[in-house]
Amino acid sequence: MPRAPRLQLDPAARQQAVDLGARIRLARQRRRLRLEDVAQKTGMSRATVEAVERGELTTAFGAYVSILGVLGLLGELALLADPGLDREGLALEFSVADKRVRVQRRDLGNDF
């Protein structure tokens with residue numbers, strides 16, 4: 001089977017994926033779980049678990065979520081892209097520079 005093409009990301013984003021895989025590997029090792037144990041608990045192949053631990057971006061997001069679930073780390077997943085932690089997004093939302101001014105229209109009623 002031919003390998004999937006590598007996604008084109010900037011080096012910093014690619015490194016983030018590799019770091020995530022390394023953190024998942026460390027969490028598995030600290031729990032003294034073998035690759036085979038995680039694969040069995042998730043219903044995935046050992047190769048898929050290895051791909052997650054390498055930070056392969058062509059691996060399905062569901063594989064990452066399943067492994068995090070087995071490791072008991074799904075709570076931390078909730079912090080990913082949390083709108084309350086998005087400083088730039090919050091700053092833009094509350095910025096008055098780009099807000100429209102809406103003029104209140106008087107209710108003319110039906111008195112003709």
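For the structure, check the block above.
Residues numbered from 1 in each chain as written. Predicted model: local features only at pLDDT ≥ 70, side-chain atom pairs only at ≥ 80, totals over all residues. Heavy atoms only, no water.

Some thoughts on unusual backbone geometry
Turning to step 1, where the next piece is worked out: In this model, R32 sits at a positive phi of 55°, which is unusual for a non-glycine residue.
Turning to step 2, where the next piece is worked out: Mapping R32 onto the fold places it in the loop between α1 (11–30) and α2 (35–42).
Turning to step 3, where the next piece is worked out: Assessed through its relative accessible area of 73%, R32 is described here as exposed. (Helix = DSSP H or I, 4+ residues; strand = E, 2+ residues; numbered from the N terminus. Buried < 20%, exposed > 50% of the residue type's maximum accessible area, 1.4 Å probe, protein only.)

Quick look at the nonpolar core
Turning to step 1, where the next piece is worked out: Core analysis: the biggest nonpolar cluster contains 14 residues, and I24, V38, V49, V52, I67 and L71 have the highest contact counts within it.
Turning to step 2, where the next piece is worked out: Every element with two or more residues in this core is listed here: α1, α2, α3 (46–54) and α4 (61–70).
Turning to step 3, where the next piece is worked out: Looking at which element gives the most residues to this core, the answer is α4, with four residues.
Turning to step 4, where the next piece is worked out: Ignoring anything within four residues of it in the chain, the contact list for I67 reads I24, V38, T42, M44, V49 and V52. (Core = buried A, V, L, I, M, F, W, Y, C linked by side-chain atoms within 4.5 Å. Contact = heavy atoms within 4.5 Å.)

Some remarks on α1
Turning to step 1, where the next piece is worked out: For α1, built from 20 residues, the straight-helix expectation of 28 Å at 1.5 Å per residue is met to within 8% by its first-to-last C-alpha distance of 28 Å.
Turning to step 2, where the next piece is worked out: Listing the buried residues of α1 in full gives R14, A17, G21, I24, A27 and R28. Buried residues of α1 fall within an arc of 145° about the axis and therefore sit on the same side. With respect to the buried face of α1, the exposed residues turned more than 90 degrees away are P11, A12, Q16 and R30.
Turning to step 3, where the next piece is worked out: On its buried side, α1 packs onto α2, α3 and α4.
Turning to step 4, where the next piece is worked out: At the N-terminal end of α1, a side-chain oxygen is found 3.0 Å from the backbone nitrogen of A12, two or three residues along, and the residue is D10.
Turning to step 5, where the next piece is worked out: R32, located one to two residues past α1, shows a positive phi value of around 55°. (Expected span 1.5 Å × (residues − 1). Arc of directions from axis to C-beta. Polar contact = N/O pair within 3.5 Å; in protein donor to acceptor, adjacent residues only side chain to side chain.)

Re the packing of α3 against α4
Turning to step 1, where the next piece is worked out: Where α3 contacts α4, the two axes come as close as 10 Å, and the packing angle between them is 90°. Our classification of the angle between α3 and α4 gives roughly perpendicular. In this structure, α3 uses T48, V49, A51 and V52 to contact α4, whose residues at the interface are A63, Y64 and I67.
Turning to step 2, where the next piece is worked out: The class makeup of the residues in the contact of α3 with α4 is six nonpolar, one polar and no charged. (Axes fitted to C-alpha atoms, helices over the stretch in contact; angles between N-to-C directions. Parallel < 35°, antiparallel > 145°, perpendicular 65-115°, else oblique. Nonpolar A, V, L, I, M, F, W, Y, C, P; charged D, E, K, R; others polar.)

Some words on the pattern of salt bridges
Turning to step 1, where the next piece is worked out: Taken as a whole, this structure holds six salt bridges when the rule is applied.
Turning to step 2, where the next piece is worked out: Salt-bridge contacts for E36 lead to R46; the nearest nitrogen and oxygen are separated by 2.4 Å. Of the two residues, E36 sits in helix α2 while R46 sits in helix α3, which places them 10 residues apart along the sequence.
Turning to step 3, where the next piece is worked out: Judged by relative accessible area, E36 falls into the partly exposed class, the value being 33%.
Turning to step 4, where the next piece is worked out: Residue R46 is classed as partly exposed on the basis of its relative accessible area of 39%.
Turning to step 5, where the next piece is worked out: Look at the salt bridges and you will find they share partners, linking R25, R28 and E53 into a network. (Salt bridge = Lys/Arg side-chain N within 4 Å of Asp/Glu carboxyl O.)

Section: the side chain of E53
Turning to step 1, where the next piece is worked out: Along the polypeptide, E53 turns up in helix α3.
Turning to step 2, where the next piece is worked out: Residue classification places E53 among the buried residues on the basis of a relative accessible area of 5%.
Turning to step 3, where the next piece is worked out: Side chain to side chain, E53 and R28 meet in a polar contact 2.5 Å long.

Just geometry here; none of it tells us what the structure is for.
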